[in-house]
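Close look at the chain arrangement
Spelled out from the first residue to the last, the chains are:
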Amino acid sequence: MAEVSLTEGLLTVWHSYRLSILVAVASIAVILRISRKFQPKSKALTASSIPPSPRSQTPEKFEEIRPGESGKQVVTEKAAPKPVAGNEPVQKLASGPKRVSGKKPLKVGRRPEPGQGSPVSFIQPIIFYASLTGTTERYAQVLLEDLQTAARERADPENRGQGLLPPQIHDLSYVDFDDYFTTAPKPPSTSPGTRYVYCLLVPTYNIDTVLNTFLGHLDETHHDFRIDTSSLSTLAGYSVFGFGDKEGWPTEEEGFCSQAKELDRWMAKLTGKKRAYPLGFGDVKNDAESALKEWSRGLQDILFDILENGGLGEGVPGSGDPLESDEEDLDDEASDESNGKRSKRGKGQSVVDLEDIKMGSDAQAGSGSPIPVDFTTGGKPAAVSQASEKEMVPKTSPTYAALTKQGYTIVGSHSGVKICRWTKSALRGRGSCYKFSFYGIRSHLCMEATPSLSCSNKCIFCWRHGTNPVGTTWRWKVDSPDLIFQGVKEGHYKKIKMMRGVPGVRAERFAEAMRIRHCALSLVGEPIFYPHINEFLDMLHAEHISSFLVCNAQHPDQLETLHRVTQLYVSIDASNRESLRKIDRPLHRDFWERFQRCLDILREKRHVQRTVFRLTLVKGFNVDDEVIGYANLVEKALPCFIEVKGVTYCGTSTSAGAGLTMQNVPFYEEIQEFVLALSKELERRGLDYGIAAEHAHSCCVLLASKRFYVNGKWHSRIDYDRFFQLLEKEKADGTSFRPEDYMRETEEWAWWGNGGFDPNDERVYRKGKKKALQAAAE
C-alpha cells in the first residue's frame, strides 16, 4: 500500500509541474549547446582574420608564417619579438594561415644586427648606379677607382684582420632589387665582422626609367606589412649622390636632382636613418666630377671612421636647448617613423620663431628648463692657493650636468663649445644668422665657444637658464690656452660630424664646415675673464680663424689690455644705471662706473678695433623713452657699429622670476621704429651714423658709422683674407692698420628694406606660415 501511495504521489507531482520541468530541462540544454558552440575548439588561426588588403589597413603587429622543419607552419611575431638563446625570435606552431593582430606592440629594443656581436673588421662598399646615356656609369667608375685607391693606400699592413675591402659595383638595371633592397646582404660566415655600405649614384630624368621602378620598389618595401619598415637597418650606412642639369632645372624646387632626393629619403626610412654622408649634388654641365671627388673624400673618411669606432655614432636631432635648437621639422620621415608620437625631447618645449614675433604671434614658449643654479659666493675671496685647486665646472657638479644637457661640450674645467641652430640651418641651405648679412660670416663655418663659462652678470634674458657659474673675480683653476684651443676645435668638429645624418644637410657645406673659419666668443660667460685670453686669440689668428669677442662692459682692466680682435662687441643692455641694474643684475657694486670706463676704452680703440654696441631691447625695461639715453652712450664711445636686436624669450623660471614674459618681446615693427628714432637722434647731434643693413628673421638691424659708407654704398662686411694679411704684417714690422682697411661692400639683399635673407638659400616656412605672412603683407 505504501508503494502504491508513493507512485500515485509522484504522478500527481509530475502532472502538476511537468510543464515547468520540461521548460527547465530545455533551457539547460539550449544553454549548454550555446556555450559549446562559442567555446574555441583550438588555437588554430582562421582565414577570416586576414584583412582584405594590406594597403587598406596597416597593422602595428603581425605574425609571419614560414615553413618549419617538420613541415608545419611556423608563426613568428614580428612586432614584439622576445629574444631567446641564439637571438632567435619566439616561435609557435599553427596549422592555419597567418593572423594579423591589431594590438599595440610592446616597446622592445632593436634586434641585434648581423655581425654586431663581433667587432667591425671589414667594410664592403657596394656602388649602385643608373645610367641611360653612360654618363653616370662613367662617374661610377671614377668613384670605384677612388675607393679602390683608398683601400690600397690606407690599408694597415700590421693589421690584416681589418680594413676597407675593394668595392663592388652594380647597374640597377641588371640587379634583382629583392637581393639588395628588400633585405641587406648577410656577412659571409668566414668574416662575421664584415659590414656593408651602399653608395648610390643616380641621375634625374623627366621620363620613365628604371629609377621609377626602383623608387617604386623602395616605396612598396617600406609599406609592405609583411616586411620590417627598416629592413635595411643591418647596413653600416648608405649615401646618395645625384646628377642633374641646372640649365633645364636650375633649382631644387624646379626639379634639380629630385630623384636623388627621393632616393635619399626612402633609404633613410629603410635603413633606420643610417645616412653615412650627406646627399651630394653634381651639375653635369658644370662641376659634376669635382663635386663627386669632394663627396668621395668625405665618404672615405666616414668609412674609416666606421672601422675605427664600430659604427656611425650618434646623430644630432637638436642642440638640447629649446631656444637654440632648430625648430623646423628635420623631414617628413620623422613623423612617419614615429606614427605621430612626440619625442621625449619635444615634450613641454615650444620655440618662438622671431618672425612670429614680427607678425604679432602670441605663441608661448615652453616651461621645460633646467633648474637655475647660482654659484655666487659671498664674503672674502678665497686664497690663491685654494683657488688654484678648485675647478669652475667639476664633472660631478649640477652645472656640468645642466650645461651638457643643453648641448654644451665642456672643455677642461672652465671652457665650452656648442653649435647653434643657425649652424644647422646653414648646413641645410636654409639661411645663416644676421652675422652673414652684416659681416659675411657663414654660420656653418663658425664655431661658438668660450674660454670662460663664468660671468659677472645674471641677465634676465640669458639663454643659459642661469646654469652657468657667476663671480666677480677669477678664483678657479686655470687651464692652458693650448688645452682649450684644441679641446673646443675637437668638440666642434665632433658635433659637426654628428650632423652628417640629418636630412637636408648639403654635402658641399658639410665638407666646408670641417674647416673652421670664424670663432664667436659669445657662447656663455665672459671671455675676457679668462686670464690668458690674449694667448688664446693668438692661436685662433695663427690658423686664420677670425675672432668675434663679446664682453659685458664689466671688466675694464681686461678690456684695456686686450689684443687686436677681428671685431669687438660690448653688450649695451640699458641706457641708465637703474635699467642696467634691473636687466643685467650685475654682481659688481660699482657696475655703472665699470660700464662707463669701458665706454671710454672703446672710444680709444675705435680706430684700431671694429667696435660694436649690441643693444638687446626688452620691452618694458629698456625701450620706452630711452632713445636719448642710448644716444648719449653712442656719443661717448663712438662705436663703429650699433646692433639693435629684440630680446628672445626663453620661458625659463629664471626669467619668470625677474618678471620677463612674452609681453616683453618687441615686435619687429617696434625694433624698426626704435632704430629710426635712434638714427634721427644721432643725426640731430651731428653724429655720422646711418642704417646699413637688417636681418628681419633675427629681429635685428645694423646702424653704422659713415666711416664705412664709401662711394654711396655701405661696407659693413669684412675682408677676412685682408685682415690676416694686415695682422701678419703688423706682427712682422709693426705696421698698424685701421678697421677701414679690411672692410667689404654690404650685399644688396642685406640693405635696409630688403629683409636680409640670402637669396642663394632656401626659405622654409612652417605649415600655413607663408600664407599668413603673404596675407599680412597684402
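Predicted, not measured: the structure shown is a model, and the values here were computed from it.

**Side note on the packing of helix H2 (residues 135-153) against helix H6 (residues 288-309)**
- Running from N to C, H2 and H6 point in directions that differ by 35°, and their axes come no closer than 10 Å. For H2 against H6, the interelement crossing comes out right-handed. Across the interface between the two elements, Arg138, Tyr139, Val142, Leu143, Asp146, Leu147 and Ala150 from H2 touch Ala288, Glu289, Leu292, Lys293, Trp295, Ser296, Gln300, Leu303 and Phe304 from H6.
- Of the residues contributing to the contact of H2 with H6, the split by class is 10 nonpolar, 2 polar and 4 charged.

**Structural notes on helix H19 (residues 627-637)**
- Where H19 is concerned, the buried positions are Val627, Gly629, Tyr630, Ala631, Leu633, Val634 and Ala637.
- Those residues of H19 that are buried lie in contact with helix H18 (591-605), strand S17 (611-617), strand S18 (641-646), helix H21 (668-684) and strand S19 (689-695).
- Within two residues after H19, Leu638 carries a phi angle of roughly 50°, on the positive side.

**Concerning the pattern of salt bridges**
- One pass over the full model with this rule turns up 28 salt bridges.
- Between Arg154 and Asp301 there is a salt bridge whose closest N-O contact spans 3.4 Å. Linking Arg154 in the loop between H2 and strand S6 (163-164) with Asp301 in helix H6, this pair joins segments that are 147 residues apart in sequence.
- A salt bridge links Glu740 to Arg707; the nearest nitrogen and oxygen atoms lie 2.8 Å apart.

**So, the sheet that holds strand S14 (residues 518-521)**
- Reading across from one edge, S11-S12-S13-S14-S15-S16-S17-S18-S20-S19 is the order of the 10 strands in this open sheet, with mixed pairing throughout. Because the sheet does not close on itself, it has two edges, and the strands there are strand S11 (409-411) and S19. Between one strand axis and the next, the sheet turns by 25° as a mean value, whatever way the strands run.
- Two elements, strand S13 (residues 446-450) and S14, share 3 bridges in a ladder whose sense is parallel. When the sheet's bridge partners are listed, Glu448 is paired in S14 with Ala520.
- Sheet contacts for H19: S17, S18 and S19; angle to S17, the most-contacted strand, approximately 170°.

**Some details on the UniProt feature "transmembrane region" (unreviewed entry) in the protein**
- Using the residue numbers shown here, the UniProt feature "transmembrane region" (unreviewed entry) corresponds to residues 15-34.
- Annotated as residues 15-34, this span is 100% helix and 0% strand, and its ends, taken at the C-alpha atoms, are 30 Å apart.

**A closer look at helix H22 (residues 720-733)**
- For H22, with 14 residues, the first-to-last C-alpha span of 20 Å sits near the 20 Å given by 1.5 Å per residue.
- For H22, the set of buried residues is Tyr720, Phe723, Phe724, Leu726 and Leu727. All buried residues of H22 lie within an arc of 165° about the axis, which places them on one face of the element.
- On its buried side, H22 packs onto helix H12 (434-439), S14, helix H15 (533-542), strand S15 (546-551) and strand S23 (717-718).
- For H22, the capping residue at the N-terminal end is Asp719, with a side-chain oxygen 3.5 Å from the backbone nitrogen of Asp721.
- Following H22 by one or two positions, Gly734 has its phi on the positive side, about 80°.

**Some remarks on the packing of helix H17 (residues 577-584) against H18**
- Taken N-terminus to C-terminus, the directions of H17 and H18 make an angle of 105°; their axes are 10 Å apart at the nearest point. Comparing the axis directions of H17 and H18 gives the class roughly perpendicular. Residues Arg577, Leu580 and Arg581 of H17 form the contact with H18, whose own contacting residues are Phe591, Trp592, Glu593 and Phe595.
- Here the residues of the contact of H17 with H18 sort into 4 nonpolar, no polar and 3 charged.

Here is what the cut-offs are and how they apply
- Residues numbered from 1 in each chain as written.
- Predicted model: local features only at pLDDT ≥ 70, side-chain atom pairs only at ≥ 80, totals over all residues.
- Heavy atoms only, no water.
- Axes fitted to C-alpha atoms, helices over the stretch in contact; angles between N-to-C directions.
- Helix = DSSP H or I, 4+ residues; strand = E, 2+ residues; numbered from the N terminus.
- Left-handed = near helix turned anticlockwise from the far one by under 90°.
- Contact = heavy atoms within 4.5 Å.
- Nonpolar A, V, L, I, M, F, W, Y, C, P; charged D, E, K, R; others polar.
- Buried < 20%, exposed > 50% of the residue type's maximum accessible area, 1.4 Å probe, protein only.
- Salt bridge = Lys/Arg side-chain N within 4 Å of Asp/Glu carboxyl O.
- Pairing = 2+ DSSP bridges.
- UniProt positions renumbered as here; feature names shortened; annotations may be inferred.
- Expected span 1.5 Å × (residues − 1).
- Arc of directions from axis to C-beta.
- Polar contact = N/O pair within 3.5 Å; in protein donor to acceptor, adjacent residues only side chain to side chain.
- Parallel < 35°, antiparallel > 145°, perpendicular 65-115°, else oblique.

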